[in-house]
Amino acid sequence: MQIGVNTFVTDEGISGPKLGVALEERGFESLFVAEHSHIPASRQSPYPAGGELPRVYYRAMDPFVALGAIAAVTERLVLGTGVTLLIQRDVIHTAKEVATLDTISNGRFVFGVGVGWNLEEMADHGTDPRTRGALLDEQLRAIRQIWTEDLAEFHGRFIDFDPMYAWPKPVRQPPIYIGGGDAAVRRAIRHGVGWLPIAVADPAEVPAQLAPLEGRDLPITVLGAAPVPALLDAYAEAGAERVTLVLPGQPESETLRTLDKFANVAERYLS
C-alpha cells in the first residue's frame, strides 16, 4: 500500500512547490489537493464534518495551477485531486487541463472527482443539485472521449458537442477515482474506475467500509486518514491501494514538522 498526503494548498500555508519537494524527500508517494472555486457568503449548506467551516476552504488555490507548479519541481510524486468538483466545471476546459498536467508531469496525474456538498456553490456555477449525479456521469464519458479520440464527439442530456479536435492527449489515460460514499461506490462500479472514500477513524470499521468493492478489480484510494499505525495496517490488510494522511493548513515550519511525524508513523509503507 502506498502512503500520500491530502491537503488544501492555500495562499497562507506552505507553498505548493515546497510541499511537493518535502513530500518527495520523505518518501511519500502522492499528494492530493482539494478544490473549491469559492465559498458563498450565505453558508446555508452545513459543513459535512460539523461545526464551523475551516479557514482553508476559503483560501484554496486552483488545484491544476498548484499541481502544475508542483510537477515542475518533483520527479516521482503522484499528483491528484481530492476532489475536483467536476459538476461545477466546463468539461472541455477541464479535459484539456487534466491532459496538460498529465503531459507536463509525464503521466503522474490522478483524477479524483466528486459531486460536492455546497449547494450554493453549485448554483453559482449554474449546476442543478438535483441532477448533479447524472451530469457527472455524462462528464466522465465525455472527458474520456476527448482524451482518447482524435475526433471527439458527444451528445447527451447535459453535455453536447459536435466533432472536434483537442490536444494534448494525456501521456496515459489518467486514473479516475470517484469520491464519496455509497452513491460514489455505485458510480465507480458503473464506470469501471476507482473509489475515493473518506477514511474512518476506527480500524475495526475498515473491512465493512471497503466491502462494497470486495472481489472487484477496482482500485481504492482512502482520503484523509489519521496518522495511526493500526488504521494504516487495517487499510493495507483490507486491500486499499493507497491511503492519504490529512495535512492541516499550517505555516511552512509547522507543516515540515507534521510531515516528519507522518513519516515516522508510516515508515514501513514509505519508499
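J.: How should the overall build of the chain be read in this particular structure?
T.: Counting its regular elements, the chain contains ten helices and ten strands. Rg of the C-alpha trace for the chain: 18 Å, near the compact-globule value of 18 Å for 271 residues, within the 12% margin. Its C-alpha atoms put the chain at 55 × 45 × 40 Å along the principal axes. Relative to its full complement of 271 residues, the chain shows a buried share of 52%. Accessible surface, the chain: about 12,400 Å² in total, of which carbon and sulfur atoms supply 51%. Measuring between centres, the 24 positive side-chain charges of the chain sit 1 Å from its 35 negative side-chain charges.

J.: Please clarify how the pairing of strand 2 (residues 30-33) should be interpreted in this entry.
T.: Regular strands have side chains that alternate between both faces of the sheet. Residue alternation in strand 2 divides its side chains into two sets, S30 and F32 and L31 and V33, and both sets are buried. Alignment of strand 1 (residues 2-7) against strand 2, held across four bridges, turns out to be parallel. Each residue of the ladder has a partner; that of G4, found in strand 2, is S30. Strand direction decides the pairing type here: strand 2 and strand 3 (residues 78-81), joined by four bridges, are parallel. The residue of strand 3 that forms the bridge with V33 is T81.

J.: Is there a simple way to think about helix 10 (residues 252-265) in this case?
T.: Three- or four-residue spacings in an α-helix give side chains the same orientation, since the helix completes a turn every 3.6 residues. The end-to-end C-alpha distance of helix 10, which contains 14 residues, comes to 20 Å, matching closely the 20 Å that a straight helix rising 1.5 Å per residue would cover. Looking at helix 10, one finds that the buried residues are T255, T258, L259, F262 and A263. Projection of helix 10 onto a plane perpendicular to its axis shows the buried side chains occupying an angular sector of 140°, all on one side. For helix 10, exposure combined with an orientation more than 90 degrees from the buried face picks out K261 and N264.

J.: Looking at this model, I keep getting lost on the layout of surface pockets. Mind explaining?
T.: A volume near 890 Å³ is recorded for the largest pocket. Listing elements by their share of the lining of the largest pocket, those giving two or more residues are strand 1, helix 2 (56-59) and strand 9 (221-225). Each residue belonging to the lining of the largest pocket can be placed in one class, and the counts come to 17 nonpolar, ten polar and one charged.

J.: Sorry, what's going on with empty space enclosed by the protein here?
T.: Empty space among the atoms can be located by rolling a probe the size of a water molecule over them. On inspection of all chains with the given rule, the structure shows one cavity of 30 Å³ or more. Within this model, the largest cavity holds a volume of roughly 70 Å³. As for the largest cavity, its lining consists of T7, F8, V9, T10, G13, I14, L19, L247, P248, G249, Q250 and T255. Residues of the lining of the largest cavity, tallied by class, amount to six nonpolar, six polar and no charged.

J.: Which parts of the structure should I look at to understand the environment of R130?
T.: Turning to its location among the elements, R130 is positioned in the loop between helix 5 (119-124) and helix 6 (132-148). Given a relative accessible area of 75%, R130 falls into the exposed group. Residues R130 and A201, 71 residues apart in the sequence, show an inter-C-alpha distance of 31 Å. Within the structure, R130 has its side chain in polar contact with the side chain of D128 (distance 2.9 Å).

Rules of the game
- Residues numbered from 1 in each chain as written.
- Predicted model: local features only at pLDDT ≥ 70, side-chain atom pairs only at ≥ 80, totals over all residues.
- Heavy atoms only, no water.
- Helix = DSSP H or I, 4+ residues; strand = E, 2+ residues; numbered from the N terminus.
- Rg over C-alpha atoms; globule rule 2.2 N^0.38 Å.
- Buried < 20%, exposed > 50% of the residue type's maximum accessible area, 1.4 Å probe, protein only.
- Areas by Shrake-Rupley, 256 points an atom, 1.4 Å probe, with all protein chains shown as cover.
- Lys, Arg positive; Asp, Glu negative; His and termini not counted.
- Charge placed at Lys NZ, Arg CZ, Asp CG, Glu CD.
- Pairing = 2+ DSSP bridges.
- Expected span 1.5 Å × (residues − 1).
- Arc of directions from axis to C-beta.
- 1 Å grid on protein atoms, 1.4 Å probe; cavity = no way out; pocket = protein on both sides within 12 Å on 5 of 7 lines; lining within 4 Å.
- Points joined across faces, edges and corners; volume = space filled by probe spheres on them.
- Nonpolar A, V, L, I, M, F, W, Y, C, P; charged D, E, K, R; others polar.
- Polar contact = N/O pair within 3.5 Å; in protein donor to acceptor, adjacent residues only side chain to side chain.

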